[in-house]
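Chain and residue survey
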Amino acid sequence: MTNYRSEFVRAIVERGFLHQCTDLEALDERAAQGPITAYIGFDCTAPSLHVGSMVPIMLLRLFQQTGHKPVVLMGGGTTKVGDPSGKDESRRMLTEEKISENMAGIKQVFSKFLTFGDGPTDAIMVNNDDWLKNIQYVDFLREYGPHFTINRMMAFDSVKLRLEREQPLTFLEFNYMILQAYDFLELNRRNDCTMQMGGSDQWGNIINGVELIRRVDSKPAFGLTVPLMTTTSGAKMGKTADGAIWLNEDMLSPYDYWQYWRNTEDADVGKFLRLFTDMPLEEIAKLEKAEGTEINEVKKILATAATTLCHGNQAALAAEETARKTFEEGKLGADLPTFEVLREGLEAGITAFQLFRKAELASSGGEAKRLIKGGGAKLNDVAIKSETQEITLQNLNADGVIKLSAGKKRHAIIKPV
RNA sequence: GGAGGGGUGCCCGAGCGGCUAAAGGGGACGGGCUGUAAACCCGUUGGCUCACGCCUACGUUGGUUCGAAUCCAACCCCCUCCA
């Protein structure tokens, strides 16, 4: 393959981050000469980002590691409008309070992956509400409206898809792409930001910004996208059994985060090591050769490395240890969710299915009963036969607690108090 | 504003007076096989109750009927065409 001159381009190509780029050779040339500035925007639609945003985040990290300046753009303003890309229906409108709450939650995560500061390659964070909120409608239309044709806007996938599926696309959402293009122009002027990166679904929006900068300020700019991540079997990344894999600790425990990576499909292990860890490529190449059950060891390395980045090494090791105890020794790990139950209640006896509900292993009594009937419920690793079995202090194990399991992977501890 | 079509369970979608907690699919969960993988096979999939059973559910509100997701009326929302 081509030899790239810049460390950045070489790294993204080798590690599998590159999907599309407006002009890869020119970017390579430019990145080889010295630090450049690039940004990725994150909308504030939820109180935390989830694993689906990990590729862009890791891209920013790699960008900084290879000597450049990343800009994290919080979409405080654009979230008010709502990005129609990849949505087959309008999102309900979020209130401004909700948006600022979400932003506060999302912000936390970046400091774990990027170094912020004032230096030439230190990351900075900006909020597009700062410039979008003061826009004067008619002035804005006169200045930038002429650079966008409806003909072109209609051709964008985000728009076309909605129209084809006969789903409504509001005028509000229709404006999203213009605002995002304007963001890029604004960042280009303010911070000399010359590249916008993002997920492949953002390609159209990114191109608009590149184009706008060229037309308005006659300056070159780059656009680059990362592939949309799916697992080998086609599932979108970030969603599993209990919902999204959130990056914030208050929404998903490090243990569950570790488990997510531990359960990676065989075929994805190498790809994920390259994308979601800092591990050198030669080392990954070696690990990737593992076959059969050996690959399980590699998955643990992946899980611990990925969790270390997000939650710190201590939390990652604790998660690994809990997993080892739980799965390999059948014992209890400290990280398992623990629920306290009054000792008096246990003395009197609690019906099995009620206890499962208390331990949040089932969301309703019916679900708990079904679980037990299906043979998936265990009490101290022994299958429970009857959903009405009484559980009492007699059932405490050697550690003075009760271990409940729903299936092979979900466990909880009941502790009398 | 006018004409037509439509709103069903987590999602898609069938039903079009009783046999309907509502076909089928997807997803999800559990079991089997394995390696905490994938694929495959099987089961479960509204809530409450130990249970008889009760409650909630087919856009909303009323009505017809012994009986309505199914018929009627008004209203709300969406889509298509016309203005």
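Relevant structure appears above.
I will try to describe carefully the structure that is included in this document. (Residues numbered from 1 in each chain as written. Chains lettered and ligands numbered in written order. Predicted model: local features only at pLDDT ≥ 70, side-chain atom pairs only at ≥ 80, totals over all residues. Heavy atoms only, no water.)

A surface patch of nonpolar side chains, about 450 Å² in accessible area, is lined by Y137, V138, L141 and F171. When residues of the nonpolar patch are assigned to their parent elements, the largest contribution, three residues, is made by helix α6 (residues 137–144). By the secondary structure assignment, F171 is in helix α9 (residues 171–174). Look at F171 and you get exposed, because its relative accessible area is 54%. (Patch = residues over 30% accessible without salt bridge, like charges linked within 9 Å, V, L, I, M, F, W, Y side chains within 5 Å. Areas by Shrake-Rupley, 256 points an atom, 1.4 Å probe, with all protein chains shown as cover. Salt bridge = Lys/Arg side-chain N within 4 Å of Asp/Glu carboxyl O. Helix = DSSP H or I, 4+ residues; strand = E, 2+ residues; numbered from the N terminus. Buried < 20%, exposed > 50% of the residue type's maximum accessible area, 1.4 Å probe, protein only.)

With that settled, the discussion passes to unusual backbone geometry. Glycine aside, residues mostly have negative phi angles, and peptide bonds mostly take the trans form. In this model, E360 sits at a positive phi of 60°, which is unusual for a non-glycine residue. Secondary-structure assignment places E360 in the loop between α18 (352–358) and α19 (365–373). Here E360 falls in the exposed class, since its relative accessible area comes to 60%. With phi around 45°, N380 is a residue other than glycine that occupies positive phi space. Locating N380 in the fold gives a position in the loop between β11 (377–379) and β12 (382–383).

Pairing in this open sheet of five strands is mixed, and the strands run β9-β15-β14-β11-β12 from one edge to the other. Strand pairing shows two members of the sheet lacking a second neighbour, β9 (338–341) and β12, which therefore form its edges. (Pairing = 2+ DSSP bridges.)

Nonpolar side chains in soluble globular proteins tend to end up buried together. One finds F8, L27, F110, M195, M197 and W261 to be the most contacted residues of the largest nonpolar core, which totals 74 residues. Here this core takes eight residues from helix α3 (residues 54–65), the largest share from any one element. Among residues more than four places away in sequence, those in contact with M195 are F8, L27, I36, T37, A38, Y39, F63, F184, F222 and L224. (Core = buried A, V, L, I, M, F, W, Y, C linked by side-chain atoms within 4.5 Å. Contact = heavy atoms within 4.5 Å.)

Below, the discussion takes up the pattern of salt bridges. Two side chains of opposite charge can pair, provided their charged atoms sit close to one another. Taken as a whole and judged by the stated rule, the model has 15 salt bridges. The salt bridge involving D129 is made with K80; its shortest N-O contact spans 2.9 Å. Separated by 49 residues along the polypeptide, D129 in helix α5 (residues 129–132) and K80 in the loop between β3 (69–74) and α4 (96–113) bring together distant segments of the chain. Taking relative accessible area as the criterion, D129 reaches 15% and is therefore assigned buried.

Let's shift gears to the pairing of strand β6 (residues 222–226). Counting buried residues along β6, five of its five residues qualify, which places the element largely inside the surrounding structure. Alternating positions in β6 separate into two faces, F222, L224 and V226 on one and G223 and T225 on the other, with burial throughout. Where strand β1 (residues 20–21) and β6 come together, two bridges link them in antiparallel fashion. Counterpart to Q20 in the pairing with β6 is T225. The parallel pair strand β5 (residues 195–199) and β6, bridged by helix α11 (residues 203–217), forms a crossover whose chirality is right-handed. (Right-handed = clockwise from strand over helix to strand, strands pointing away.)

Through backbone hydrogen bonds, the strands of a sheet pair up, either in parallel or in antiparallel fashion. On the basis of which strands lie adjacent, the open sheet formed by six strands has the order β1-β6-β5-β2-β3-β4 and mixed pairing. At either end of the open sheet lies a strand with only one pairing partner, and these are β1 and β4 (124–127). Here β5 pairs with β6 via five bridges, running parallel. Following the sheet pairing, M195 is matched in β6 by F222. Its contacts with the sheet put α11 on β1, β5 and β6, and the angle it makes with β6 is roughly 170°. (Axes fitted to C-alpha atoms, helices over the stretch in contact; angles between N-to-C directions.)

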